[in-house]
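# Summary of the model geometry
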Amino acid sequence: LAAAEEMAKEGVSVEVIDPRTLVPLDKETILNSVGKTGRLVVADPAAKVCSAASEIMSIVGEEAFWDLQAPMQKVASKQVHIPFSPSLEKLVYPTSDGIIESIESTMEDWFAIGTQFHPESHSASALDQRIFEEFICGITDRARELRLVA
């Protein structure tokens, strides 16, 4: 929630979903959210591999792939053994800064793609021009909406 609050200060709306249970997993809420925002950032204190985050991303990849407007991001514990020392343990788990960085990367990917193709500088057909304009409008409409599953 700290990452969502920090992003709100920058004018970025972040929808936070806390599934509460993995069985049953509320897939419908997650998929509806991805459909609405076109983005997914999953934060999970478990390891990146074989985790709830991996399963959520798998479900979205299978059932909502075409709704995604940017690559999915996973923020999870570092791939190391959990240290015995509490002061070192804190360094392994995801942080608000890591979550914010992942959220921002979902925005940057699309802005970069949107600026690579300019129909006026190519011999684009009317259909190409319309597709490009719809693409840019989609970026503009959704640029400040993101998905964060915590």
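An account of the accompanying structure is given in this report. Here, residues in each chain are numbered from 1, in the same order as that chain's written sequence. Restriction of local features to residues with pLDDT of at least 70 applies here, the model being predicted, together with a cutoff of 80 or more for giving and counting side-chain atom pairs; totals for whole chains, interfaces and linings are based on all residues. Hydrogens and waters are ignored; side-chain quantities use all the structure's heavy atoms.

### What to know about the packing of aromatic side chains
The rule is short: rings of Phe, Tyr and Trp, with Trp giving its six-membered ring, pair when the centres are within 6.5 Å, and they are stacked under 30 degrees, edge-to-face over 60, tilted in between. Applying the stated criterion across every chain yields a total of one aromatic pair. Look at Phe 65 and Trp 66: their rings are 4.9 Å apart centre to centre, the planes differ by 80 degrees, and that puts the pair in the edge-to-face class.

### Side note on the pairing of strand 2 (residues 41-47)
At least two DSSP bridges between two strands are needed for those strands to be called paired. Each helix is a run of DSSP H or I of at least 4 residues and each strand a run of E of at least 2, with the numbering of both proceeding from the N terminus. Where strand 2 and strand 3 (residues 73-77) come together, five bridges link them in parallel fashion. If you follow Ala 43 over to strand 3, its bridge partner there is Val 75. Orienting the strands away from the viewer, one traces the path from the first strand over the helix to the second; a clockwise path indicates a right-handed crossover. Following the backbone out of strand 2, through helix 3 (residues 52-63) and into the adjacent parallel strand 3, one traces a crossover that is right-handed.

### Details of the pattern of salt bridges
If charged atoms from side chains of opposite charge come close, those side chains can pair. Here a salt bridge means any side-chain nitrogen of Lys or Arg lying within 4 Å of a carboxyl oxygen belonging to Asp or Glu. Considering all chains together, one arrives at four salt bridges under this definition. Salt-bridge contacts for Asp 18 lead to Arg 20; the nearest nitrogen and oxygen are separated by 3.8 Å. Of the charged contacts in the structure, one is a salt bridge between Glu 63 and Lys 27, with a shortest N-O distance of 3.1 Å. Taken together, the residues Glu 63 in helix 3 and Lys 27 in helix 2 (residues 27-37) connect sequence positions 36 residues apart. Remark: exposure states derive from per-residue accessible area (1.4 Å probe, protein chains only) relative to the maximum for the residue type, with buried under 20%, exposed over 50%, and partly exposed in between. Glu 63 gets classed as partly exposed once you look at its relative accessible area, which sits at 43%. Relative accessible area serves as the criterion here: at 33%, Lys 27 is assigned to the partly exposed category.

### Overview of the environment of Glu 101
As for its placement among the helices and strands, Glu 101 is situated in helix 5 (residues 96-116). Among the residues examined, Glu 101 registers a relative accessible area of 58% and is labelled exposed.

### Some details on helix 2
Within the sequence span of helix 2, burial applies to Ile 30, Leu 31, Ser 33, Val 34 and Thr 37. Seen from one end, helix 2 has its buried residues packed into an arc of 160 degrees, which puts them on one side. Among the residues trailing helix 2, Gly 38 stands out with phi positive, at a value near 80 degrees. Read the arc as the range of directions from the helix axis to the C-beta atoms.

### Description of helix 1 (residues 2-9)
Taken residue by residue, helix 1 has Ala 3, Ala 4 and Met 7 as its buried positions. Projected down its long axis, helix 1 shows its buried positions confined to an angular sector of 100 degrees, all on one face. Along helix 1, exposed side chains directed more than 90 degrees from the buried face belong to Glu 5 and Lys 9.

### A few points about the nonpolar core
What is meant by a nonpolar core is a set of buried Ala, Val, Leu, Ile, Met, Phe, Trp, Tyr and Cys residues, joined one to another through side-chain atoms within 4.5 Å. Ranked by size, the top nonpolar core spans 14 residues in total, and within it Ile 30, Val 34, Leu 40, Val 42 and Val 60 carry the most contacts. Listed by contribution, the elements that provide at least two residues to this core are helix 2 and helix 3. Core analysis: the next-biggest nonpolar cluster, separate from the first, contains 12 residues, Met 7, Val 12, Val 14 and Met 107 among them.

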